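# Chain and residue survey
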Amino acid sequence: MKLVAILLDGLNYSAWLFLVAVGLTLIYGVMRILNIAHGAFYAIGAYVCASALGLYYSAGLPEAGAFLMMGLSALVAGFVVGLLIERVVLRKLYGQDEVIMVLVTYALFLILSDAVKLTWGVESYYVFQPYAYFGYIEFGNLPYQVYDLLVVGLAIVAGIGLWYWLNRTRTGILMTAVVADREVAAAMGVNVTRIFALTFAIGTVLAAVAGAATAPKIAVTPGIGVEVIILAFAVVVIGGLGSIPGAVVGAIFAGYARAICVHVAPQFELFAIYAVMAVVLAIRPHGLFARAEGRKI
Amino acid sequence: MMPTLDFRRDHLFVAVLALLVIVGFFLPSWMRFLIQTAMASGLVALGVMLQMRAGLVSFGQGLFFCIGGYAVGLLAAKAGITDVALLLPAAALAALVIGLVLGLLLSRYREIFYAMLTLAVSMILYGLLVKAASLGSTDGFNIPAVSYFGFVPDQAARPDWSYALTGVVVLAGCLGALAYLRSGAGAMLDAVRENEIRLSYLGTSPRVLVFVVYAVAAVLSGLGGGLWAISSGHVDPEMTYWTTSGQFVFVALLAGRGSVVAPVMAYFLLELLRTYALDIAPNAWQLILGSAMLAVIVLLPRGLWSLVARART
Amino acid sequence: MTLKTVLAGTASLCLIAGAVQAQDQEPITLGIPVFLSGAASGPFGLPQRNAAEVIIAELNAGNLPAPYDTKGINGRMVEANYVDEAADAVQEYRNMAEREGVDAVVGYTSSGNCKAVAPLAEELQQLTVLVDCGTPQIFESVVTDPTYLFRTGPTGTIDSVGAARYLVDTGVDMSEVAGINQNYAWGQDAWADFTGSLIALDTGSDIATEQFPQVFAGQYGAEISALLTSGAKAIHTSFWGGDLEAFILQAAPRGLFARSAVVMTTGEAAMQRLPNEIPEGAIIGARGPYSYFAPESELATWFRDAYEKAHGQPPSYPAWKMAQALLGLKSAWEKAGSDDPAAIAKAFENLEYETPAGTVRMAIGNGHQAVQGIAYGTYKQDADGNPGVENVIAYAAECVNPPNDTTAAAWIEAGFPGASCN
């Protein structure tokens, strides 16, 4: 029974971690920006979803449509916020040191946190209806929410969709070209500015989707974005910064590390992820899936 | 314009800082306390700045800040050793030992991986302290009043003494950092940042240079943590939380790499801004802080010190 | 200038003078540190600030029922200066005391902050009333000889002792017990006190599993699976705020509440927010005799009505604690009859005063720490869907608090010596 629980819990948590982390790794991979504001985008996704669904339910519309509304709200929120921030702040700062960009996003994180607070107040928002909508199924005597299993599906869809887009569509391939060599890509006529804007917006949307998908399970409240950042960082670093397959593996490592701890040794739950991160980095200094980079001469 | 390599005239700025510290002594006590904690934390930011000269960003400098603080705290509160003559060396020593051990591992890493691994290590300490119920877990514990080389000031004079102690140690720390930057090992940090391979060709090991700067930064940060603990009379695991470390990085970047006194002064400015933002807009102080930081990055990409440096040239 | 304007001018001057006469003294300024940002701002900061606003406005207007029907405090108006507790507590405390020169500091929710500022209150001789914070260490080990420092909120000890007693007294099967508490001082202390109380009450319980998720983790799927499969008959949690609500939202649909008796020591704060999501029969506490557990009194009714009128919803327990702190300060100040902090502090020691939540006695910590009883009950909605509690058992202060000369931990360890429970 414990084994089933570990398998399910690990899967569920890994899926959530992947959703939370994949946007971060995409943005880093293409733009070389380690985006601390990712946590704020997650929070914005959760808040917008909670507000939109609140309106939706109070209008008395059919409950099943709420899921469409969730997706839509996350898409719109992510795109609008992402494009706006890219345009107003980041575009002026491209070419700066990586570390400076980390600080820029940290400043953005502070600003956005307060902006969220001033917009939505400090009181919690709730949209628990979708979480209970599909009920649960039992594995032995362990009831499991169908919604949680759907989140696993969502993570898989997001992962495959992203892979398809990066490898099979024109824009995606152009994006990979920019990753490989920004200057050559620009010289060949790729509109790097547009690619950057698009990447940032998609990364933001992914964060917002993660937030929206989580909103029904939690009280949407100030501070939810802070916890997410450090988890997403750990996942991405384990897998290798900028690598999408790395994010998958990192999420699975971290997710199962936590699930095993909870069931076997709850005392160590707090370090599980950091310990995995430290061990992986000690063995493979650039993460599991990082490309080897030439040393500068 | 690259940040200066020439620290020959930096003594002048340390002297200016010394003067400001003396002026600070006569300010209202809340402001003096703010200067005091800013100086202690500024020492940690100085440690971050030294590593930045080698192109390395430690996102886990809170580790040594915390080790220094807890070393002082444990000795004073649990072992009954309350004299600064023992406490501060203990803080520096604890940080040095841990720094030497971790330095062996960390000197292999560069760029964002250095940042992430330092972060991971500091968060593991956080996790350990949170689990340590006997040390008050997240609540931390309080530190009794300390004595100064055997002298125990009475309650009213305590703040004066701890301020003076902080000022003296921080100034000594700045001078120490300056001596280090002017030494061969310090001057070559810029070469590590610029081009490691050439450095190896010239017969110098970049790994040893990184190891040394990591250890020097650890000692400065441990001292800073010890002073901070004595000043605030309280330590908790928040000292090694990533947001604390992030703040040190921020200050070091805002300050720029041009002078050893810049991080200390920048820390004070940040604290001043924070406390007034809190006073004026308790609901939006993070917004003000974030905007100010963004403004500095956009307008002064080489840090606040570039204002001073520009005035000099 | 015509005679008329001169007359009008004189008249208005007189009016101003009259107004000045009514409040001829400088107002009392209070520094009120509460959480204005972060995860604690919604569940704690907001109701505390709301309560402070209501109490201060109504005090200044003289609208409270007896014994608080005199205006202001000691005839002086009261002004509040709100500070974000999420910032550096020590620095901001100094700013309040030394820069703003407030007459008293009334606030603090986090135990860490309480511990950090406690010695400062004595060092700066600043009258300070701690509103909440769970840790019993404040007067046990941090400040053992207090003069200016008071805490009007009972310690977290009563939550755990009361919860254990309630489970035993209602005949819950205690053979297998589990806990889920946040992995920080508050959660660790609550669980240690709870398991200690089980031993003291000789329940012979086995610990099925003890979960310590990170604070503000938000995702409790794995922990809930562990609780569901542990076979625990009773589950203890001291989760608060968003974590508690997330736990309820994630555990209730999976039937955890149907499988085990779940006691939520801060459950009251979630009742107004999630009235339909908390399963009926869940065991609820309010960290003292607050809110639904408050004994009927004119003051309680007045407070509920005034708060609801001002803020649109009934006060949750942190609001009651804030009200209790401010009324304690008023009582002490007026008993002293002077504005001298030392005299007020003297009058505050061992004070007994009325609050919306019944009588509070500053009985332990050398007369600086309040004791109050605690009550638990099971959750129930009435016919209109309004949240409420039933099967309430109230425990007297002497039943759940250690005596003055014993620390909470030692008292639990020794099996509650000297406890008197009706």
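Given the structure is predicted, the values throughout are model-derived calculations rather than measurements. (Residues numbered from 1 in each chain as written. Chains lettered and ligands numbered in written order. Predicted model: local features only at pLDDT ≥ 70, side-chain atom pairs only at ≥ 80, totals over all residues. Heavy atoms only, no water.)

A tally of helices and strands in chain C yields 16 helices and 15 strands. For 422 residues, the compact-globule estimate of 2.2 N^0.38 gives 22 Å, and the C-alpha radius of gyration of chain C, at 23 Å, lies within 12% of that figure. Across its three principal axes, chain C shows a C-alpha extent of roughly 90 × 50 × 40 Å. Counting across all 422 residues of chain C, residues that qualify as buried make up 60%. Nonlocal contacts in chain C, meaning residues at least 24 apart in sequence, comprise 67% of its contacts between residues at least 6 apart. With the model as given, the accessible surface of chain C reaches about 14,000 Å², and the carbon-plus-sulfur share is 51%. Considering chain C, the positive charge centre built from 22 side chains and the negative charge centre built from 49 side chains are found 4 Å apart. (Helix = DSSP H or I, 4+ residues; strand = E, 2+ residues; numbered from the N terminus. Rg over C-alpha atoms; globule rule 2.2 N^0.38 Å. Buried < 20%, exposed > 50% of the residue type's maximum accessible area, 1.4 Å probe, protein only. Contact = heavy atoms within 4.5 Å. Areas by Shrake-Rupley, 256 points an atom, 1.4 Å probe, with all protein chains shown as cover. Lys, Arg positive; Asp, Glu negative; His and termini not counted. Charge placed at Lys NZ, Arg CZ, Asp CG, Glu CD.)

All names here are of chain C. The predicted model of chain C averages 91 in pLDDT, with 94% of residues at 70 or higher. This model gives residues 1–23 a pLDDT under 50, and the stretch forms two contacts once residues within four places in sequence are excluded. Here the predicted complex carries an ipTM of 0.92, next to a pTM of 0.90. (pLDDT = per-residue confidence, 0-100.)

Let's shift gears to the UniProt feature "domain: Leucine-binding protein" (unreviewed entry) in chain C. Mapped onto this numbering, the UniProt entry annotates "domain: Leucine-binding protein" (unreviewed entry) at residues 27–380 of chain C. A distance of 45 Å separates the end C-alpha atoms of residues 27–380 of chain C, which is 43% helix and 19% strand. (UniProt positions renumbered as here; feature names shortened; annotations may be inferred.)

A word on the domain arrangement of chain C. All names here are of chain C. By the assigned domains, chain C splits into domain 1 (28–155 + 295–371) and domain 2 (157–286 + 373–413). Each of domain 1 and domain 2 has a C-alpha centre, and the two are 27 Å apart. In this complex, domain 1 contributes 21 residues to the contact, which on the side of domain 2 involves 23 residues. Together, the buried faces of domain 1 and domain 2 total about 1,700 Å²; carbon and sulfur atoms form 58% of this surface. Our enumeration of links across domain 1 and domain 2 arrives at one salt bridge. (Domains from an automatic or database assignment. Buried area = accessible area lost by both parts, 1.4 Å probe. Salt bridge = Lys/Arg side-chain N within 4 Å of Asp/Glu carboxyl O.)

Note the cis peptide between Ala-66 of chain C and Pro-67 of chain C, where omega equals 5°. Considering the arrangement of structural elements, one finds Pro-67 of chain C in the loop between helix 2 (41–61) and strand 2 (78–84). Even without glycine at this site, Phe-149 of chain B takes up a positive phi of about 50°. Classification of Phe-149 of chain B as exposed rests on a relative accessible area of 67%.

This part takes up the interface of chain A and chain B. Contact with chain A, which involves 41 residues of that partner, is made by 41 residues of chain B. Contact between chain A and chain B buries roughly 3,900 Å² in total, counting both sides, with carbon and sulfur atoms accounting for 77%. When the buried surface of chain A facing chain B is broken down by residue, Leu-103, Leu-110 and Phe-271 of chain A rank first, second and third, together holding 14% of it. Across the contact surface, chain A and chain B share zero salt bridges. There are six residue pairs in polar contact (both at pLDDT 80 or more) connecting chain A and chain B. (Polar contact = N/O pair within 3.5 Å; in protein donor to acceptor, adjacent residues only side chain to side chain.)

Turning our attention to the nonpolar core. If you look at the biggest cluster of nonpolar residues, it comprises 321 residues, and the most contacted ones within it are Val-104 of chain A together with Phe-247, Ile-278 and Leu-329 of chain C. Sorting elements by how many residues they give to this core places helix 1 (residues 2–31) of chain A first, with 17 residues. Built from parts of two domains, this core gets at least three residues from each of domain 1 (28–155 + 295–371) and domain 2 (157–286 + 373–413) of chain C. One finds Tyr-166, Ala-234, Ile-374 and Val-400 of chain C within the second-largest nonpolar core, a separate group that totals 23 residues. (Core = buried A, V, L, I, M, F, W, Y, C linked by side-chain atoms within 4.5 Å.)

Quick look at the pattern of salt bridges now. Summed over all chains, the structure comprises 25 salt bridges over all chains. Residue Asp-114 of chain A pairs with Lys-117 of chain A through a salt bridge whose shortest N-O separation is 3.7 Å. Placement of the pair is Asp-114 of chain A and Lys-117 of chain A together in helix 4 (residues 98–120), with a separation of three residues, close to one helical turn. We classify Asp-114 of chain A as buried; its relative accessible area is 0%. In this structure, Asp-279 of chain B engages Arg-99 of chain C in a salt bridge whose closest nitrogen and oxygen atoms are separated by 3.9 Å. Here Asp-279 of chain B, found in helix 12 (residues 262–280), pairs with Arg-99 of chain C, found in helix 3 (residues 89–100), and the two come from separate chains. Three or more residues are tied together by salt bridges with common partners; here these are Arg-53, Asp-190, Arg-193 and Glu-194 of chain B.

Per the counting criterion, the structure on display carries 38 aromatic pairs over all chains. Relative to Trp-161 of chain B, the ring of Phe-151 of chain B lies with its centre 4.9 Å away and its plane at 40°, an arrangement referred to as tilted. Residue Phe-151 of chain B is found in the loop between strand 1 (141–142) and helix 6 (158–182), and its partner Trp-161 of chain B is found in helix 6; the two are separated by ten residues along the sequence. In this structure Phe-151 of chain B comes out as partly exposed when scored by relative accessible area, which is 42%. By the ring-pair criterion, three or more aromatic residues cluster together here, those being Phe-65, Trp-228, Phe-248 and Tyr-267 of chain B. Lys-78 of chain B extends its terminal NZ or CZ atom over the ring of Phe-141 of chain B, reaching a point 4.9 Å from the ring centre. The ring of Tyr-144 of chain A carries the charged tip of Arg-254 of chain C above its face, separated from the ring centre by 4.4 Å. (Phe/Tyr/Trp six-rings, centres within 6.5 Å; stacked < 30°, edge-to-face > 60°. Lys NZ or Arg CZ within 6 Å of the ring centre and 35° of its normal.)

As a further point, take the sheet that holds strand 8 (residues 234–237) of chain C. Residue and element names in this part refer to chain C. The strand order 7-6-8-9-10-14-15 describes an open sheet built from seven strands, whose pairing is mixed. Where the open sheet ends on each side, the last strands, each with one partner, are strand 7 (206–211) and strand 15 (387–395). Across the sheet, the mean angle separating the axes of adjacent strands is 25° when strand polarity is ignored. In this sheet, strand 8 lies alongside strand 6 (residues 176–180) in parallel orientation, the contact comprising four bridges. Residue pairing across strands places Ala-178 opposite Ile-235, the latter belonging to strand 8. (Pairing = 2+ DSSP bridges. Axes fitted to C-alpha atoms, helices over the stretch in contact; angles between N-to-C directions.)

Let us look at helix 13 (residues 285–299) of chain B. The end-to-end C-alpha distance of helix 13 of chain B is 21 Å, a good match for the 21 Å that 15 residues give at a rise of 1.5 Å each. Buried within helix 13 of chain B we find Trp-285, Gln-286, Leu-289, Gly-290, Met-293, Leu-294, Val-296 and Ile-297 of chain B. Where the residues of helix 13 of chain B are buried, they touch helix 4 of chain A, helix 11 (242–255) and helix 12 of chain B together with strand 2 of chain C. (Expected span 1.5 Å × (residues − 1).)

With that out of the way, let us pick up the pairing of strand 14 (residues 374–381) of chain C. Residues and elements named next belong to chain C. The buried count for strand 14 comes to seven of eight residues, which makes it a mostly enclosed element. Looking at chain direction, strand 10 (residues 283–285) and strand 14 are connected through three bridges and run antiparallel. Following the sheet pairing, Ile-284 is matched in strand 14 by Gly-377. Pairing analysis gives seven bridges linking strand 14 to strand 15, with the strands arranged antiparallel. Across the sheet, Tyr-379 pairs through a bridge with Val-389, a residue of strand 15.

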